[in-house]
Amino acid sequence: MYYILKVLISAILIVSITEISKRSTLMSGILASLPLISVLVMIWIYIDTKNIETISKLSTSVFWLVIPSLILFFTLPIFLKYINFYLSLFCSVGLTVIGYYVMVIILKKYGINL
């Protein structure tokens with residue numbers, strides 16, 4: 001039952017933001033940019049395990065990985081001017097994955113292991 005509740009809350013959040021975007025991209029952008037998923041994950045981890053160390057490590061990882069995730073939001077509008085949606089999304093996600101990889105390598109050089 002608890003697992004179903006977690007899935008329902010997460011799904012409702014995503015569907016709600018999608019529906020709001022049909023009326024206001026500003027409002028959906030604000031909601032989507034909030035770290036709601038990260039907060040939900042931290043709550044679920046705490047409820048499931050009470051493991052503060054895991055939550056702390058997750059928070060640190062999210063902090064560092066937000067930086068390369070911005071690649072998606074920067075490149076997608078540029079690609080959309082020249083190619084179709086799915087190809088634009090694929091290219092933006094691909095560049096973002098490369099950004100994650102580069103960020104992890106850079107962080108390791110400075111002794112930060114995610």
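Provided above is the structure to which this section pertains.
Cut-off values and rules
- Residues numbered from 1 in each chain as written.
- Predicted model: local features only at pLDDT ≥ 70, side-chain atom pairs only at ≥ 80, totals over all residues.
- Heavy atoms only, no water.
- Helix = DSSP H or I, 4+ residues; strand = E, 2+ residues; numbered from the N terminus.
- Rg over C-alpha atoms; globule rule 2.2 N^0.38 Å.
- Buried < 20%, exposed > 50% of the residue type's maximum accessible area, 1.4 Å probe, protein only.
- Axes fitted to C-alpha atoms, helices over the stretch in contact; angles between N-to-C directions.
- Parallel < 35°, antiparallel > 145°, perpendicular 65-115°, else oblique.
- Left-handed = near helix turned anticlockwise from the far one by under 90°.
- Contact = heavy atoms within 4.5 Å.
- Nonpolar A, V, L, I, M, F, W, Y, C, P; charged D, E, K, R; others polar.
- Expected span 1.5 Å × (residues − 1).
- Arc of directions from axis to C-beta.
- Polar contact = N/O pair within 3.5 Å; in protein donor to acceptor, adjacent residues only side chain to side chain.

K.L.:
Explain the overall build of the protein to me, please; I cannot follow it from the model alone.
P.N.:
Of regular secondary structure, the protein possesses 5 helices and 0 strands. Written out in order from the N terminus, the α and β elements of the protein read α-α-α-α-α. Relative to the compact-globule value of 13 Å for 114 residues, the protein shows a C-alpha radius of gyration of 17 Å, a clear excess of over 25%. Taking all 114 residues of the protein together, the buried fraction comes to 18%.

K.L.:
Even after reading the chapter, I still don't get the packing of helix H3 (residues 36-49) against helix H4 (residues 52-80), so can you show me in this structure?
P.N.:
When two helices pack together, their arrangement is given by the angle between their axes and by how far apart the axes lie. Following both chains from N to C, one finds H3 and H4 inclined at 165°, their axes separated by 9 Å at the closest point. Relative to H4, the element H3 lies roughly antiparallel. For the pair H3 and H4, the sense of crossing is right-handed. Residues Ser-38, Val-41, Met-42, Ile-45 and Tyr-46 of H3 form the contact with H4, whose participating residues are Ile-52, Thr-54, Ile-55, Leu-58, Ser-59 and Val-62. Along the lines of polarity and charge, the residues of the contact of H3 with H4 split into 8 nonpolar, 3 polar and no charged.

K.L.:
Looking at this structure, I do not really get H3. What am I missing?
P.N.:
Working note: α-helix, 3.6 residues per turn, so residues spaced by three or four point in the same direction. Counted at 1.5 Å a residue, the expected span for H3 with its 14 residues is 20 Å, and the 20 Å between its end C-alpha atoms agrees. Within H3, the full set of buried residues consists of Ser-38, Leu-40, Trp-44 and Ile-45. Projected down its long axis, H3 shows its buried positions confined to an angular sector of 160°, all on one face. Where H3 is buried, its residues meet helix H1 (2-21) and H4. In the segment just after H3, Lys-50 is the residue with positive phi, at about 60°.

K.L.:
How should I be thinking about helix H5 (residues 85-109) in this particular structure?
P.N.:
Compared with an ideal rise of 1.5 Å per residue, which puts 25 residues at 36 Å, H5 spans 36 Å between its outermost C-alpha atoms and is within 8% of the ideal. Packed against the buried residues of H5 are H4. Two to three positions downstream of the cap, the backbone nitrogen of Tyr-86 sits 3.1 Å from a side-chain oxygen, assigning the N-cap of H5 to Asn-84.

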